[in-house]
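Observations on chain architecture
So you can see what is in the structure, the chains are spelled out below.
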Amino acid sequence: MLDGLVWFLSNIGQAFVNAGYALTHPSSWLSWIGGLETTEDKQALMRFVYYGGSVEFFFVVFTVFLIVTAIGVWRPSFMWGCVRGLEGFANTVGRFFAWAGLLMVLQQIVIVFMQRIFTVAEISLIWNVPWLTKDVSWWAEELKLYNAMIVCMCATYTFVQGGHVRVDLVYSGISHRAKRVVDMFGSLIFMMPAAVLTWMYGWFFMWRHLVTPKVSASDKVELLMKKARILKWNVETIGFSPNGFNAYFLFKVLLVCFAGMVFLQAIAFFYRSFLEYKEGAGSIGKYLDRDTLGEGEEAYEGTH
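Residues numbered from 1 in each chain as written. Predicted model: local features only at pLDDT ≥ 70, side-chain atom pairs only at ≥ 80, totals over all residues. Heavy atoms only, no water.

**A short note on the nonpolar core**
Our working definition: Take the buried Ala, Val, Leu, Ile, Met, Phe, Trp, Tyr and Cys residues and link them wherever side-chain atoms come within 4.5 Å; each set so joined is a nonpolar core. Buried, partly exposed and exposed residues are distinguished by accessible area as a fraction of the type maximum, computed with a 1.4 Å probe on protein chains only: under 20%, between the cut-offs, and over 50%, respectively. A helix here means a DSSP run of H or I that spans at least four residues, while a strand means a run of E at least two residues long, and both kinds are numbered starting from the N terminus. A contact between two residues is defined here by any heavy atoms of the two lying within 4.5 Å.
Among the nonpolar cores identified, the biggest contains 20 residues, and Leu45, Met46, Val49, Trp203, Trp207 and Val215 are the most heavily contacted of them. Those elements that provide at least two residues to this core are α3 (39–52), α9 (176–207) and α10 (221–227). The biggest single contributor to this core is α3, with five residues. Setting aside residues up to four positions removed in sequence, Val215 forms contacts with Met46, Val49, Phe204, Trp207, Arg208, Leu224 and Lys227. Membership of the second largest hydrophobic core comes to 18 residues, among which are Trp138, Cys152, Met153 and Met261.

Structure representation (structure tokens):
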């Protein structure tokens, strides 16, 4: 027990050193952005991969969370600012990617007309541009990407809007403060750990389909430095059918984005619940930016 506590506190202390070094030596983990021209660039990419799913990175994020929370407890206005910023981010991203639903419908209509009525084998967005000319089956399979965008990038937006189904057999019958305690407990015990586990799985799952040699969550940084000597991009371009959609690596990227956004929303939900607990029932929905169907549509909205 004592060893675990020492390990925990030492990692929090080390987080300041790790964060400081990363901020003052960005080239050690970001120089690969300009290309993998040198061994140093390849090693920087391997460091980026390793630390993106490492214990060190987790404790840096956790320590920042503790510091921001402590400031927010001291200055509630600062915590409300964090809530507004995080919820605003979720709403902005969600509202943007929600248009993927319209694109999905329009594209499906075009596919039906081109395939069933005009009986063409290819669809081109711009005439005589090869990389924008694909087989009809490619465009049909690509519809799944729009669906993945909506699911991954609009999940936190839906949460802010109160659109997720909630089982509230107990929750609905308890007091305001008890509800806020349940919300804080849920964000810390369920949302954050689930987001961290999804990130850990999705991070290395994504990179295994972007570079070669393949990386693993069990690889030590020393082993990755050795692998860096033969590192090169190897972006996944294999489809389920010969002429089908061949950019499935984008689904792996979306999974990582989803995990990151859920974690940020868990923080926002914890902060909002804490502030509503502290300020009382009058603060419910404070600064909450929810979409509305407009005046006169309240009855319809209440059924959803």
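**Some points on the side chain of Glu276**
Stated formally: Any N or O atom pair separated by 3.5 Å or less is treated as a polar contact, with the protein-specific requirement of one donor-capable and one acceptor-capable atom, and with residues adjacent in sequence counted only for side-chain atom pairs.
Among the secondary structure elements, Glu276 is positioned in helix α11 (residues 249–279). For Glu276, a relative accessible area of 6% corresponds to the buried category. One polar contact links Glu276 to Arg180, side chain to side chain, over a distance of 3.4 Å. Those residues within four positions of Glu276 in sequence are excluded, and the remaining contacts are Trp80, His176, Arg180, Ser283, Ile284 and Gly285.

**Points about helix α7 (residues 136–153)**
The condition is simple: One less than the residue count of a helix, multiplied by 1.5 Å, gives the span that helix is expected to have.
With 18 residues, α7 should reach 26 Å at 1.5 Å per residue; the first-to-last C-alpha distance of 26 Å fits that figure. If you check which residues of α7 are buried, you get Val136, Trp138, Trp139, Glu141, Glu142, Leu143, Leu145, Tyr146, Ala148, Cys152 and Met153. Structurally, α7 contributes buried residues whose contacts are with α5 (76–97), α6 (99–117), β1 (122–124), β2 (133–135), α8 (155–160) and α11.

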